[in-house]
Amino acid sequence: MSIKSHTTSIAVAMCIGAGTFTVPAFAAGGGGEGGGAVIPSCKRNMVWNKSKRKCIKVSAVKASKSKKCKNKKKSLFSRKVKCLDKKKSSMLDDNNIYEAARDLAYHRRYEEAITLLELATNQDDPRILNYLGYSNRKLGRVEKGLTYYTAALKADPDYTLVREYMGEAFLQLGQVDKAREQLSAIEKRCGVECREYTMLSAEITRHLTK
């Protein structure tokens, strides 16, 4: 089942500078996931909480080290079991964290995006893994990015946006054949007219004509 945007009760975003900014509809990794909505401004390391109509600190969603945590499932990328304090978890859930981190990635604030994504309770969520991969790759850590992409596809083989990003990562490494394998996999899932196919096809052509 392909991952699609989730409607959440709390609309949040990590805000940039002063004033407001607009999330591009077809920004990095859009794939239909962009919003184009104007978001109220918060200071750096603050997140807008729509339901409370105020900015809250990112630290408010940091994982609790409480031994009373009932979630004992270990993540593929976490050495320790983490959970959210009940009081703090009401502020931001994983959907909110994903959306806010995605907006940061749109605006090339990759380190901040990674910091926020690492606060998600479910580190095996393919959406979380996808943007961890994307942000790391954009910071030049291509091999690490591929590790996250591989994990995301293991969770959801039909996540075509991950395959498009993975193809770009292979191109960065000069592995055109592997990029074409991802292009073929995308075609099987959504055809040659879908945005991910068009994007990766263009990237391969660009790479070969440099």
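1. A look at the side chain of asparagine 136
Line of reasoning, step 1. Tracing the chain through its elements places asparagine 136 in helix H4 (residues 126–138).
Line of reasoning, step 2. A polar contact is formed between the side chain of asparagine 136 and the side chain of arginine 141, at a distance of 2.8 Å.
Line of reasoning, step 3. If we skip the residues at most four places from it in the chain, asparagine 136 touches Ile114, Arg141, Lys144, Gly145 and Tyr148.

2. Some remarks on H4
Line of reasoning, step 1. Between the first and last C-alpha of H4 there are 18 Å, a value that for 13 residues agrees with the 18 Å anticipated at 1.5 Å per step.
Line of reasoning, step 2. Burial analysis of H4 places twelve of its 13 residues in the buried class, which makes it a mostly covered element.
Line of reasoning, step 3. If you follow the buried residues of H4, they end up packed against helix H2 (94–106), helix H3 (110–117), helix H5 (142–155) and helix H6 (160–172).
Line of reasoning, step 4. Just downstream of H4 lies glycine 140, where phi reads positive at about 95°.

3. Quick word on the environment of isoleucine 97
Line of reasoning, step 1. Mapped onto the elements, isoleucine 97 comes out in helix H2.
Line of reasoning, step 2. With 31 residues separating them in the primary sequence, isoleucine 97 and isoleucine 128 have C-alpha atoms 8.7 Å apart.
Line of reasoning, step 3. The residues touching isoleucine 97, leaving out its near neighbours within four places in the chain, are Leu92, Leu116, Leu117, Leu119 and Ala120.

4. A short note on the state of the cysteines
Line of reasoning, step 1. All told, the structure shown has one disulfide when counted by the stated rule.
Line of reasoning, step 2. Through a disulfide, cysteine 190 is tied to cysteine 194; the S-S separation comes to 2.1 Å.
Line of reasoning, step 3. Residue classification places cysteine 190 among the partly exposed positions, given a relative accessible area of 32%.

5. Quick look at the nonpolar core
Line of reasoning, step 1. The biggest cluster of nonpolar side chains holds 45 residues, and the ones touching the most others in it are Leu116, Tyr131, Tyr134, Tyr149 and Ile204.
Line of reasoning, step 2. For this core, the elements supplying multiple residues, two or more each, are H2, H3, H4, H5, H6, helix H7 (176–190) and helix H8 (195–208).
Line of reasoning, step 3. If sequence neighbours within four positions are ignored, tyrosine 149 has contacts with Asn130, Gly133, Tyr134, Arg137, Val162, Tyr165, Met166 and Ala169.

6. Side note on the packing of aromatic side chains
Line of reasoning, step 1. Going through the model one piece at a time under the given rule, you end up with six aromatic pairs.
Line of reasoning, step 2. With a centroid separation of 5.9 Å and 55° between ring planes, the pair formed by tyrosine 98 and tyrosine 131 is classed as tilted. You can see tyrosine 98 sitting in helix H2 and its partner tyrosine 131 sitting in helix H4, a full 33 residues away along the chain. Summarising the burial analysis for this pair, tyrosine 98 and tyrosine 131 share the class buried.
Line of reasoning, step 3. One aromatic cluster in this structure is built from Tyr98, Tyr110, Tyr131, Tyr134, Tyr149 and Tyr165.
Line of reasoning, step 4. Lying over the aromatic face of tyrosine 98, arginine 127 brings its terminal NZ or CZ to 4.6 Å of the ring centre.

7. Concerning unusual backbone geometry
Line of reasoning, step 1. One non-glycine residue with positive phi stands out, namely arginine 108, at about 65°.
Line of reasoning, step 2. Assignment of secondary structure puts arginine 108 in the loop between H2 and H3.
Line of reasoning, step 3. With relative accessibility at 67%, the residue arginine 108 sits in the exposed group.

8. Describing the packing of H2 against H4
Line of reasoning, step 1. Between H2 and H4, the shortest axis-to-axis distance is 10 Å and the interhelical angle comes to 20°. Classified by the angle between their axes, H2 and H4 sit roughly parallel to one another. In terms of crossing hand, the pair formed by H2 and H4 is left-handed. The segment H2 lies against H4, with Asp94, Asn95, Tyr98, Arg102, Ala105 and Tyr106 engaging Arg127, Ile128, Tyr131, Tyr134 and Ser135.
Line of reasoning, step 2. Counted by class, the contact of H2 with H4 contains six nonpolar, two polar and three charged residues.

Criteria and cut-off values
- Residues numbered from 1 in each chain as written.
- Predicted model: local features only at pLDDT ≥ 70, side-chain atom pairs only at ≥ 80, totals over all residues.
- Heavy atoms only, no water.
- Helix = DSSP H or I, 4+ residues; strand = E, 2+ residues; numbered from the N terminus.
- Polar contact = N/O pair within 3.5 Å; in protein donor to acceptor, adjacent residues only side chain to side chain.
- Contact = heavy atoms within 4.5 Å.
- Expected span 1.5 Å × (residues − 1).
- Buried < 20%, exposed > 50% of the residue type's maximum accessible area, 1.4 Å probe, protein only.
- Disulfide = S-S within 2.5 Å.
- Core = buried A, V, L, I, M, F, W, Y, C linked by side-chain atoms within 4.5 Å.
- Phe/Tyr/Trp six-rings, centres within 6.5 Å; stacked < 30°, edge-to-face > 60°.
- Lys NZ or Arg CZ within 6 Å of the ring centre and 35° of its normal.
- Axes fitted to C-alpha atoms, helices over the stretch in contact; angles between N-to-C directions.
- Parallel < 35°, antiparallel > 145°, perpendicular 65-115°, else oblique.
- Left-handed = near helix turned anticlockwise from the far one by under 90°.
- Nonpolar A, V, L, I, M, F, W, Y, C, P; charged D, E, K, R; others polar.

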